[in-house]
Amino acid sequence: MKLKILFTIILTLNFAISQAQDLLSKKQITEDIEFLKKTLNEKSSYVYLNGYDFNTDFENYLKTLSDSTRLENFGMFITNTLAKIGDRHSSLSGIRGYDLKELLFLPFIYAPVNDRVVVLNKNQNKKLEILNPKFPYLKKIDGIDIKDFLQKTRPEDIKAPQETYFTYAVRDIRDIEKNYTLLNKTLSKEIELTLSDSTFNNDIILTVTPINKSQRQRPWDESFEVDYLRVKDEDYNKPVIIEKLFSIKENIAYIKIPEMVDKDEAPLHFDKVNSFMQSIQNDSEALIIDVRANRGGTRDLLYEFAKYLIHPDSIYVVNATKQRGPLPLPEDYKKSLHNRFLYTLSELDDEEQKKATEFLKSFKPIYALDENKYSEYYFGLLNGKKLGKSTFYYNKPVYILANEKTFSAASVFVSAFKGLPNIKIAGVTTDGSSGNSEWVDLPNSKLFGKISTMVSFQKNGEILDGYGTEPDIKIERDLNQVLWLSDMQLEKLKELILTQE
């Protein structure tokens, strides 16, 4: 009996300690906000560019504070506020160090098909299937139109390209307790799902009970994405992984790039890129480079492929950036930019300087940056004379296949090659981002996250963050691709290539 009482006391104390650790005083939050304001105003490259003034939201939030605030509430506020700035590295990495209460989930799997949500389940063989083939699409949740629902449940991606936002919000439908917290709604014991047919005119109501964490199903991902979710950076230096990424069929060469790996970490991967390109020089009629669901890394692969894709007599400016920081820039800032193959006008050779100067004459950036806060332009160039000394020019059609999860260095890859001779972008708009980000830790709450310190412009003057890069050939997934029965985007692209030969 005494042991039982002691055990109860210990559990109560542990719960009380945990609750206390999750509470922040008004003074602590005020200090954290002042720290974050100072950091953003001194370092963030994207603050104020889109017209959003975070200071107003900070001030209003402080006015509403009570003596103590839960960590998760403060975390949600910071996440939502920073997302409005439009910094995709900050948004997608998210503010970490807090958790929303997530004990209950919706059954089933939710997947994006163009602008609709299809409801899936797994059959006895663990294969994906449509939950109700006659009524495949989710129209409402508890009477809330699905589009209205989705617009409020992924605040961290509020400035993402449309396709990106939709895909991530749809995947998160499963997380119903978190979603109801964001919607400021009370989660009931039963939830009504309105399912609709292909016309969206005929509906049925399905009443479901939220399930616990152990019963939930994995969020939907592409089959080709799942294959590499558990592959680590160093694994791309293993032949058993590398060999599966390269193939040739019907004279169409295909290279899958799940991650923008570092050349020093995966030298065998780069060796394979070069040997494969050599092997297809005469044996292929076209090349597909697949960067769908590639979350980024370094720009090393961009410049490795450029050795073959840029004509030896050509020089192209493919990226123009400005770094936020103390001026003149300290050496560590310059080194970071050089690691991204970005250089000032004075660091270029005579021919490159001429090309960069010509580029600036017609370049119309969407933002005019304060010269007292941002560096001079740093240019990303593809110089065929320097790149292709020991290689050859692949003068056949090249197609880069991208989707709404193509991010960071992978989105730079797509943007850099878009519009160059013989190269077309296929798929859907990327989740563009390029920010040379730094980690920021708040002193009291211990929340932490990334902020970008560089503004990265595409050739057309748009930034990458929030805009992405649109495809030349739009190919959206279909239901068969959602069900993992085929890779329709890749198949359709191959069909297009074959009909053009």
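Residues numbered from 1 in each chain as written. Predicted model: local features only at pLDDT ≥ 70, side-chain atom pairs only at ≥ 80, totals over all residues. Heavy atoms only, no water.

- The protein has the name S41 family peptidase in an unreviewed UniProt entry, where Croceitalea marina is given as its organism.

Thoughts on the packing of aromatic side chains
Aromatic ring pairs are reported here in terms of the distance separating the ring centres and the angle at which the planes meet.
In step 1: All told, the structure shown has 17 aromatic pairs when counted by the stated rule.
In step 2: Centre to centre, the rings of tyrosine 61 and phenylalanine 77 are 3.8 Å apart; their planes meet at 5 degrees, and the pair counts as stacked. Residue tyrosine 61 is found in helix α3 (residues 54–64), and its partner phenylalanine 77 is found in helix α4 (residues 71–83); the two are separated by 16 residues along the sequence. In this structure, tyrosine 61 and phenylalanine 77 share a single accessibility class: buried.
In step 3: Members of the aromatic cluster, each reached through a chain of ring pairs, are Tyr48, Phe54, Phe58, Tyr61, Phe74 and Phe77.
In step 4: The ring of phenylalanine 200 has arginine 116 lying over it, and the distance from NZ or CZ to the ring centre is 4.5 Å.
In step 5: We note lysine 272 situated over the ring of phenylalanine 246; from NZ or CZ to the ring centre the distance is 5.6 Å. (Phe/Tyr/Trp six-rings, centres within 6.5 Å; stacked < 30°, edge-to-face > 60°. Helix = DSSP H or I, 4+ residues; strand = E, 2+ residues; numbered from the N terminus. Buried < 20%, exposed > 50% of the residue type's maximum accessible area, 1.4 Å probe, protein only. Lys NZ or Arg CZ within 6 Å of the ring centre and 35° of its normal.)

Focus on helix α7 (residues 162–171)
In step 1: For α7, the buried fraction is high: 8 of the 10 residues fall into the buried class.
In step 2: Within α7, the full set of buried residues consists of Thr164, Tyr165, Phe166, Thr167, Tyr168, Ala169, Val170 and Arg171.

Here we look at the UniProt feature "domain: Tail specific protease" (unreviewed entry) in the protein
In step 1: Here the UniProt feature "domain: Tail specific protease" (unreviewed entry) sits at residues 201–476.
In step 2: Each end of residues 201–476 is marked by a C-alpha atom, and these two atoms are 24 Å apart; helix forms 24% of the span and strand 24%. (UniProt positions renumbered as here; feature names shortened; annotations may be inferred.)

As for the environment of glutamine 353
In step 1: Here glutamine 353 shows up in helix α14 (residues 350–362).
In step 2: Sequence separation of glutamine 353 and phenylalanine 379 is 26 residues, and the distance between their C-alpha atoms is 9.9 Å.
In step 3: Not counting residues within four places of it along the chain, the set of residues in contact with glutamine 353 comprises Leu345, Ser346 and Leu348. (Contact = heavy atoms within 4.5 Å.)

Comments concerning unusual backbone geometry
In step 1: Note that the residue after leucine 327, namely proline 328, is joined by a cis bond; omega there is -5 degrees.
In step 2: Note that proline 328 resides in the loop between β15 (315–323) and α13 (331–338).
In step 3: Phi is positive for alanine 293, which is not a glycine, with a value near 60 degrees.
In step 4: Mapping alanine 293 onto the fold places it in the loop between β14 (286–290) and α12 (300–309).
In step 5: A positive phi is found at asparagine 422, a non-glycine position, where the angle reads about 70 degrees.
In step 6: Mapped onto the secondary structure, asparagine 422 falls in the loop between α16 (409–417) and β19 (423–427).

Examining the environment of isoleucine 280
In step 1: Structurally, isoleucine 280 can be placed in the loop between α11 (267–279) and β14.
In step 2: If sequence neighbours within four positions are ignored, isoleucine 280 has contacts with Ile248, Ala253, Leu287, Tyr394 and Lys396.

Quick notes on a negative patch on the surface
In step 1: A cluster of acidic residues, Asp233, Glu234, Asp264 and Glu265, forms a negative patch at the surface.
In step 2: Take glutamate 234: its relative accessible area is 47%, and that puts it in the partly exposed class. (Patch = residues over 30% accessible without salt bridge, like charges linked within 9 Å, V, L, I, M, F, W, Y side chains within 5 Å. Areas by Shrake-Rupley, 256 points an atom, 1.4 Å probe, with all protein chains shown as cover. Salt bridge = Lys/Arg side-chain N within 4 Å of Asp/Glu carboxyl O. Lys, Arg positive; Asp, Glu negative; His and termini not counted. Charge placed at Lys NZ, Arg CZ, Asp CG, Glu CD.)

Concerning the pattern of salt bridges
In step 1: Tallied over the full model, the rule gives 34 salt bridges.
In step 2: When the shortest N-O distance is used, the salt bridge between arginine 218 and aspartate 221 registers 3.0 Å.
In step 3: According to the relative accessible area criterion, aspartate 221 is buried, its value standing at 3%.
In step 4: The partner of aspartate 487 in a salt bridge is arginine 292, and the shortest N-O contact between them spans 2.7 Å. Here arginine 292 lies in the loop between β14 and α12 and aspartate 487 lies in the loop between α17 (479–482) and α18 (488–500), a separation of 195 residues in the sequence. Each member of the pair, aspartate 487 together with arginine 292, is buried.
In step 5: Here the salt bridges share partners, and the residues they tie into one network are Arg88, Arg154, Glu156, Asp157, Asp172, Lys178 and Asp431.

What to know about the sheet that holds strand β23 (residues 473–474)
In step 1: Read across the open sheet, the 6 strands follow the order β12-β13-β14-β18-β19-β23; overall the sheet is mixed. Looking along the sheet, the strands with just one partner apiece sit at the ends: β12 (246–249) and β23.
In step 2: Pairing of strand β18 (residues 398–402) with β19, which is carried by 5 bridges, proceeds in the parallel orientation. Bridge pairing in β19 places isoleucine 400 opposite isoleucine 425.
In step 3: Here α12 sits on the sheet in contact with β13 (252–256), β14, β18 and β19, set at roughly 170 degrees to β14. (Pairing = 2+ DSSP bridges. Axes fitted to C-alpha atoms, helices over the stretch in contact; angles between N-to-C directions.)

A few points about empty space enclosed by the protein
One water molecule sets the probe size; rolling that probe over the atoms shows where empty space is left.
In step 1: What the rule picks out here adds up to 2 cavities of 30 Å³ or more.
In step 2: Considering the residues around the largest cavity, the lining is formed by Leu36, Ile78, Leu82, Ile95, Val440, Leu442, Leu447, Phe448, Gly449, Lys450 and Ile451.
In step 3: Considering each element in turn, the lining of the largest cavity owes the most residues, 4 residues, to strand β21 (residues 448–452).
In step 4: Considered class by class, the residues forming the lining of the largest cavity number 9 nonpolar, 1 polar and 1 charged.
In step 5: Put simply, the second largest cavity is a space of about 30 Å³. (1 Å grid on protein atoms, 1.4 Å probe; cavity = no way out; pocket = protein on both sides within 12 Å on 5 of 7 lines; lining within 4 Å. Points joined across faces, edges and corners; volume = space filled by probe spheres on them. Nonpolar A, V, L, I, M, F, W, Y, C, P; charged D, E, K, R; others polar.)

What about the packing of helix α2 (residues 26–43) against α4?
In step 1: Look at α2 against α4: their axes get within 12 Å of each other, and the N-to-C directions meet at 20 degrees. Relative to α4, the element α2 lies roughly parallel. For the crossing formed where α2 meets α4, the hand is right-handed. Residue-level inspection shows Ile29, Asp32, Ile33, Leu36 and Leu40 of α2 in contact with α4, the latter providing Phe74, Phe77, Ile78 and Leu82.
In step 2: When its residues are assigned to classes, the contact of α2 with α4 shows 8 nonpolar, no polar and 1 charged. (Parallel < 35°, antiparallel > 145°, perpendicular 65-115°, else oblique. Left-handed = near helix turned anticlockwise from the far one by under 90°.)

Re the sheet that holds β15
In step 1: Strand order in the open sheet formed by 4 strands is β16-β17-β15-β22, and the pairing between neighbours is antiparallel. Taken across any chain shown, the strands that pair with only one partner, and hence form the sheet edges, are β16 (342–343) and β22 (454–457).
In step 2: Bridge count between β16 and strand β17 (residues 378–383): 2 bridges; the pairing is antiparallel. Pairing of leucine 342 across the sheet is with glycine 380, part of β17.
In step 3: Relative to the sheet, α14 contacts β15 and β17, its axis offset from that of β15 by approximately 70 degrees.

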